[in-house]
Amino acid sequence: MSPQIPIISVDGVTKRFAFPHSLARRLSGKPPLAVHALNDVNLQVYRGETLGIVGESGCGKSTLARCMVRLLDPDGGAVRFEGRDIAELKSSERRGFNRRVQMIFQDPYSSLNPRMTVSQIIGEALSVHKMRPKEQIAARITELLELVRLPGDAAARYPHEFSGGQRQRIGIARALAVEPDVIVADELVSALDVSVQAQVVNLLLQLQEQLRLTVVFVAHDLRLVRHISHRVAVMYLGQVMEISPSEALFTSPRHPYSKALLDAAPELDPAYRNRNVATRGELPSPVDLPPGCPFAGRCPYVFDRCRTERPLLTPRGNAQFAACHLTSFGAEDQPVTHERPL
Ligand SMILES: Nc1ncnc2c1ncn2[C@@H]1O[C@H](COP(=O)(O)OP(=O)(O)OP(=O)(O)O)[C@@H](O)[C@H]1O
Ligand SMILES: [Mg+2]
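Residues numbered from 1 in each chain as written. Chains lettered and ligands numbered in written order. Predicted model: local features only at pLDDT ≥ 70, side-chain atom pairs only at ≥ 80, totals over all residues. Heavy atoms only, no water.

Asks: I'd like a description of the overall build of the protein chain, backed by residues and values.
Replies: Looking only at helices and strands, one finds 12 helices and 12 strands in the protein chain. When each of the 342 residues of the protein chain is scored for burial, the buried share is 51%. Of all intrachain contacts in the protein chain linking residues separated by at least 6 positions in sequence, the fraction that spans at least 24 positions is 64%. A total of about 15,900 Å² of accessible surface is found on the protein chain, and carbon and sulfur atoms cover 52% of it. (Helix = DSSP H or I, 4+ residues; strand = E, 2+ residues; numbered from the N terminus. Buried < 20%, exposed > 50% of the residue type's maximum accessible area, 1.4 Å probe, protein only. Contact = heavy atoms within 4.5 Å. Areas by Shrake-Rupley, 256 points an atom, 1.4 Å probe, with all protein chains shown as cover.)

Asks: Can you tell me about unusual backbone geometry, naming the residues and giving the values?
Replies: The backbone phi angle of Ser-91 is positive, close to 30 degrees, even though this residue is not glycine. Along the polypeptide, Ser-91 turns up in helix H3 (residues 91-100). For Leu-237, which is not glycine, the phi torsion reads 45 degrees and is therefore positive. In this structure, Leu-237 sits in the loop between strand S9 (231-236) and strand S10 (239-245). With a relative accessible area of 6%, Leu-237 lands in the buried category.

Asks: Which residues make up the site of ligand 1, and what values go with them?
Replies: Around ligand 1, the surrounding shell holds 13 residues, and the nearest of these are Ser-57, Gly-58, Lys-61, Ser-62 and Thr-63. Measuring from an oxygen atom of ligand 1, one finds a backbone N or O atom of Gly-58 at 2.8 Å. Within the backbone of Gly-60, one N or O atom sits 3.1 Å away from an oxygen atom of ligand 1. With the chains in place, 62% of the 630 Å² that ligand 1 exposes on its own is no longer accessible. For the shell around ligand 1, the secondary-structure elements that each account for two or more residues are strand S2 (34-46) and helix H2 (61-68). (Near = heavy atom within 4 Å. Polar contact = N/O pair within 3.5 Å; in protein donor to acceptor, adjacent residues only side chain to side chain.)

Asks: Can you break down H2 residue by residue, with the values?
Replies: Taking burial as the measure, the eight residues of H2 include six buried ones, the bulk of the element. All of the buried residues in H2 are Lys-61, Thr-63, Leu-64, Ala-65, Cys-67 and Met-68. Following H2 by one or two positions, Arg-70 adopts a phi angle in the positive range, close to 60 degrees.

Asks: Describe the sheet that holds S2, listing the residues and the values that go with them.
Replies: Spatially, four strands are ordered S2-S1-S4-S5 in an open sheet, and the strand pairing comes out antiparallel. Of all the strands in the sheet, the pair left with one neighbour each is S2 and strand S5 (84-85). Relative to strand S4 (residues 76-81), strand S1 (residues 6-18) runs antiparallel, the two sharing five bridges. Across the sheet, the residue bridging to Thr-14 is Gly-76, located in S4. (Pairing = 2+ DSSP bridges.)

Right, dumping it as structure tokens:
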């Protein structure tokens with residue numbers, strides 16, 4: 001892994017979704033309401049790494065993933081692939097990007113065409129991007145099925161003949177067919193039984209190493225994210241609150257929200273068990289974001305500045321970054337310092 005080169009760079013990305021403009025608001029002259037799904041998101045994905053993205057439901061993980069693969073265009077800021085704004089890619093460059101950055105969706109049931117055999121599904125991906133001459137396609141399909149450890153007779157069967165975990169393997173094989181550099185997996189295993197989740201995640205982990213893939217792994221389950229990710233970005237209300245190497249995040253989170261998330265899943269790390277700092281207070285509405293830190297209303301360490309000034313992601317040492325006005329916060333036995341960030 002060469003962690004210095006970002007393959008994808010998310011630079012100040014904002015994304016809003018408008019509500020239908022109600023008659024009452026229109027008559028009162030108020031502007032249309034919008035959900036602030038992404039609010040100035042900045043992060044880099046380095047070549048060869050697995051970046052986990054975690055956060056509560058509705059914090060903008062899928063919106064960010066969709067912006068990264070250009071299923072959505074940001075309202076502000078840019079997503080760059082190898083330094084180029086992906087919104088500006090045209091024709092063959094756009095097709096190249098579409099091949100090199102593949103998304104795998106949560107729901108293997110709806111993302112695979114039920115009327116096509118596995119061979120046709122993977123074959124289609126191979127021919128759309130002209131990956132192999134016709135006569136080599138069958139052999140390549142066999143190779144791909146072996147890669148994701150599906151039985152040899154899978155090619156002639158239809159998606160409904162497989163279990164959920166196997167269907168997700170078909171989705172992975174289809175994504176790998178076009179030899180991508182980046183896989184964006186949004187809740188890859190959330191719909192699967194816990195026992196099957198680990199198998200699929202371990203497969204992705206092995207493929208990542210074997211094929212030197214860059215992986216963006218979006219998930220609710222912190223345990224899985226820790227297992228698979230080199231670094232993890234913690235999102236809250238459309239913003240990145242912390243981005244840290246995986247082990248550092250789980251052993252010494254640098255944002256009170258990260259800590260609250262870990263505390264909400266105490267089985268993750270015995271060191272955090274029984275610490276009563278779980279998230280409390282109201283989750284602000286993504287329609288009406290507070291001016292300062294979005295976590296201020298729920299943060300046990302809140303002070304005046306947090307309510308007025310939005311903290312930016314700043315380095316915390318140990319390759320960690322946090323968007324917090326506190327440079328350290330605490331373990332209950334340590335005094336909380338209110339220093340300016342670095
Ligand atoms: N197409 C859309 N139209 C309107 N609002 C949307 C749309 N997509 C997402 N949103 C809103 O944007 C916010 C972020 O949604 P998003 O799906 O990105 O969150 P998420 O972190 O992926 O949540 P989950 O963990 O439940 O998948 C939410 O408030 C959601 O309701
Ligand atoms: Mg989602």
